[in-house]
Amino acid sequence: MQTINFTVDAALLQELGERLIGKPHIALAELIKNSYDADAFSCTVTFGNDSIEIADDGHGMSFDEFRSFWARIGTTHKLEDGVSRELHRPLTGSKGVGRLAVQFLAREMELRTVAKGAEHQTLHALVDWTTITRGRDLNTVEIAWQTQQQGSSFPYGATSGTIITLKGLRDKWDADRLQELGEELWSLRSPFRRRHASPTTRTAEDFDVSVVAPEIEDAQQKFDAHINALRTNWKARIRGKLRNGRRGHPASVVVEFKEGYPAKAPAEKFEHSVSLPISDSSDALLDRVDFEILVFKLEGRQAGGVLVSELRDYLTRFGNVAIYDAGFRLPYYGMAHDWLDIAADQAARTSISLLLPASLRIGQRYMLDLPDARRLFGAVDISTSHERSVAESASETPGKYLQLQPGRDRLHDNEAHRQLRDLVRFSIDFYANRYRLREARRVEQVRTVERATTKQARVLEVLEENKASIPQNVFSEVRREVSDALKTSKVEEEEQDRRAALLAPLASAGMAALALSHELSRERRLLKSAIQQLSALAVEHELTELQDVLASLNEAHDRLQNLQGLFVPLLSDEDKSALHRLKVKPVVEQTVNAVKTIMPGVQFEIEAIPDDLRFPIGSAAEWNALIQNALTNAWNAMLQTPHPLICIEGGQRSRSTEFLRISDNGRGLGVAVDQADKLFEPFERLLELDPDHASIAIGGQGLGLTICRMIARQRRADICFVSPPEGYSTCLEVSWRA
């Protein structure tokens, strides 16, 4: 048989270029990716009146490279090389047709390039796309070129690189279109990667894209402001990392909440490891993945003065979770595409995740907390070049690793892609599960301080709602028992309310304490001023006899200052609302230093408190008040003791219980330890004061221990009298769960 050769119509260039790319920013992205593959650190896109210039500081091209690779359609050298020449970046190009996409934007293209190592010579080439004639062979399309024996200037003064100028633009670019295009180009690179690195610190990952256009001078600042707003205002962050996944290594997932429970508590993290595949029985087909996803609450006041409306609009356009191949965004993955099936599951009101293992399926209906795509901003970093290289070394077939489709805006929907989707979606489901767990904790914290009658009434409501599904005899019996308990609780709460009414004068006492603190502060300032004036007169007139008077006045000033310290915890709103676990020893030291003024002669021993011992969640004002009341009771009991001694010690009684004990060598309780519980009732007196010492007693109205128990119960701690250590007569113990 005779043979003929295939011929290619020149119009194929249009099919491969103009019709392959549907949007201007994708066409420009193809040229920017070429700059990245050429080991450039920066690429500048400049808009003129009828031109667009793309300039980089990469290694440029020699004429042989220009002829063999740039002027040849469909070359696969990038696919074969895998990484760039100098920085060993994963190459983004693979089809050899990306440079043809500029036909979508302009009628002519001019190229100037200087190869590294040949900085004295510039290669100049011109392509006129309008000369392509349908019906003529492809080899008839001409590229005009010449070399010039002189160098050229490239971004940041580089002596090598490439400049491509598009002339005869097919569309008019007004300010709005330019700004929209600029934002699309800036979003090409992951916002979580480093930006604007200095020449001395930049690495292979550093690649900066800048846009220059008179109509959008402040667009770069606006874009950066959006990115800073995103980095500041997130409420939760999801991070994932996979290395050597094909060798069976698991991926790590971390969910971080910026604020803990209760409010203003430290940030909270949850971590989990997951092996691939997650939902199938096939082999692991992913090797290396990194991702970071921010979750936002698009209501209320945002940090940094960011308007919630602006943040919402930005996320509506650029939100959801994007995929970046070798650091460049794949346009398909964004708000317009539900590639993670989040919207689908929300529409179906899916309540349980099939991706999470049974050990993580805590609670019910947690998937209803799945965040909407408009509240997400995330980046998944992959490298199809790396995945192909690893897979081919394991003799895998093409369908067994991540691959780009010919349009280059999305991945092939193969098993590797489904494993990538499952991994990212697992992390978001894990977030929803942990969010629901935290909400359950918050509800539980609220319920722990609810009245018993409120809880029992809620039980009756639940019983009534489920009456039809409960056997009649069981329903009647349970309802009767709960109703009886509710009646009993109401009686007890009424008694508690009656006692609380007796304590109402304490509120007035608190206001009086604040006023007294203010007066003490004023008197102390006046006394200090008088001391300074007397001191000056004594020096001026050499009145040495005033020194003893000044010393006495200074001691009085110090006593006033210490006395004012008793009220310090009452004066700070921040302290009263604090909800952290405070260290025991500093609180004890502060209280002891304050009461020493009104308890002269008492020796305090507080060394036996571990430095790392912490109270339950509560404020310094509460624990200060508890310790003050305990110490004043001890003072009254030691009024007739020659050498009064108070020992304060703390520690861990068992693996689950910690304690603080306050012991004194006073007159003792007057009752057995196992009968001392009644002393915590209002107006129960520990002891009758001797008339000779009543004037120096503190308090003595029978409310001190009642206040101590109120504070302890509020903070889920126990307080009681225990057998005192040797040498002491009374010991009060506060204990709580470790």
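This is a predicted model, so every value here is computed, not measured.

### Re the overall build of the protein chain
Scanning the protein chain for helices and strands turns up 19 helices and 19 strands. Within the protein chain, the fraction of its 738 residues that count as buried is 45%. Taking all contacts inside the protein chain whose residues are at least 6 apart in sequence as the whole, residues at least 24 apart take part in 71%. Per element, the accessible surface of the protein chain, about 38400 Å² overall, is 50% carbon and sulfur.

### Here we look at the pattern of salt bridges
Scanning all chains against the criterion turns up 26 salt bridges. Ionic pairing is found between Asp429 and Arg425, a salt bridge with its closest N-O pair at 2.6 Å. Here Asp429 and its partner Arg425 are both found in helix 10 (residues 415–448), four residues apart, which amounts to about one turn of the helix. The exposure classification of Asp429 matches that of Arg425, with both residues buried. The salt bridge partner of Arg661 is Glu733, with a shortest N-O separation of 2.7 Å.

### Here we look at helix 2 (residues 24–37)
The end-to-end C-alpha distance of helix 2, which contains 14 residues, comes to 20 Å, matching closely the 20 Å that a straight helix rising 1.5 Å per residue would cover. Among the 14 residues in helix 2, 13 count as buried, and that is most of the element. Looking one or two places after helix 2, you find Asp39, whose phi comes out positive at around 65°.

### A closer look at the side chain of Thr122
Within the fold, Thr122 resides in strand 4 (residues 122–128). Since its relative accessible area comes to 1%, Thr122 is described here as buried.

### So, helix 19 (residues 704–714)
One turn of the α-helix equals 3.6 residues, which is why residues spaced by three or four share an orientation. Burial within helix 19 is extensive, with eight of its 11 residues counted as buried. Buried within helix 19 we find Gly704, Leu705, Thr706, Ile707, Cys708, Arg709, Ile711 and Ala712. The positive-phi residue at the C-terminal boundary of helix 19 is Arg716, with phi of around 60°.

### What about the packing of aromatic side chains?
Working definition: an aromatic ring pair is given by the centre-to-centre distance plus the angle between the planes. Applying the stated criterion across every chain yields a total of 17 aromatic pairs. Ring geometry for Phe426 and Phe430: centres 6.3 Å apart, planes at 20°, overall stacked. One end of the pair is Phe426 and the other is Phe430, both in helix 10 and four residues apart, which spans about a single turn. Both residues of the pair, Phe426 and Phe430, count as buried. Ring geometry for Tyr431 and Tyr435: centres 6.0 Å apart, planes at 40°, overall tilted. In this pair, Tyr431 and Tyr435 both sit in helix 10, four residues apart, roughly one turn of the helix. By relative accessible area, which is 4% here, Tyr431 ends up buried. A connected cluster of aromatic rings, assembled from ring pairs, spans Phe63, Phe66, Trp70 and Trp145. A cation over a ring is seen here: Lys258 above Trp234, with NZ or CZ 4.6 Å from the ring centre.

### Let's talk about the confidence of the model for the protein chain
Across the protein chain, pLDDT averages 79, with 79% of residues at or above 70. The model gives residues 692–697 a pLDDT under 50, and that stretch makes eight contacts with residues more than four places away or in other chains.

### Side note on the sheet that holds strand 1 (residues 42–47)
Sheet architecture is open: seven strands sit in the order 5-4-3-6-2-1-7, paired in mixed fashion. Only two strands of the sheet have a single partner each, and these edge strands are strand 5 (144–148) and strand 7 (208–212). With strand direction ignored, the average angle separating the axes of adjacent strands in the sheet is 15°. Bridge count for strand 3 (residues 106–114) against strand 4 is six bridges, and the pairing is antiparallel. Residue Glu110 lies in a different strand from strand 4, and its bridge partner there is Leu126. Along the sheet face, helix 2 touches strand 1, strand 2 (51–56), strand 6 (161–169) and strand 7 and points at about 150° away from the line of strand 1. The strands that helix 5 (residues 175–186) touches are strand 1 and strand 7; relative to strand 7, the one it contacts most, it runs at about 175°.

### Regarding the state of the cysteines
With the rule as written, the count across this model stands at zero disulfides. The structure places no disulfide on Cys647, whose sulfur is separated from the nearest cysteine sulfur, that of Cys731, by 8.4 Å. For Cys647, a relative accessible area of 12% corresponds to the buried category.

### Regarding the pairing of strand 3
When strand 3 meets strand 6, the two strands line up antiparallel, connected through eight bridges. Looking at the pairing, Arg112 lines up with Ile163 of strand 6.

### Description of the pairing of strand 1
Along strand 1, five of the six residues are buried, which leaves the element largely enclosed by surrounding structure. Of the pairings in the sheet, the one linking strand 1 to strand 2 comprises five bridges and is antiparallel in character. For Cys43, the partnering residue across the bridge sits in strand 2 and is Asp56. Hairpin geometry of strand 1 and strand 2 is characterised by an intervening segment of three residues between the two adjacent antiparallel strands.

The rules behind the values
Residues numbered from 1 in each chain as written. Predicted model: local features only at pLDDT ≥ 70, side-chain atom pairs only at ≥ 80, totals over all residues. Heavy atoms only, no water. Helix = DSSP H or I, 4+ residues; strand = E, 2+ residues; numbered from the N terminus. Buried < 20%, exposed > 50% of the residue type's maximum accessible area, 1.4 Å probe, protein only. Contact = heavy atoms within 4.5 Å. Areas by Shrake-Rupley, 256 points an atom, 1.4 Å probe, with all protein chains shown as cover. Salt bridge = Lys/Arg side-chain N within 4 Å of Asp/Glu carboxyl O. Expected span 1.5 Å × (residues − 1). Phe/Tyr/Trp six-rings, centres within 6.5 Å; stacked < 30°, edge-to-face > 60°. Lys NZ or Arg CZ within 6 Å of the ring centre and 35° of its normal. pLDDT = per-residue confidence, 0-100. Pairing = 2+ DSSP bridges. Axes fitted to C-alpha atoms, helices over the stretch in contact; angles between N-to-C directions. Disulfide = S-S within 2.5 Å.

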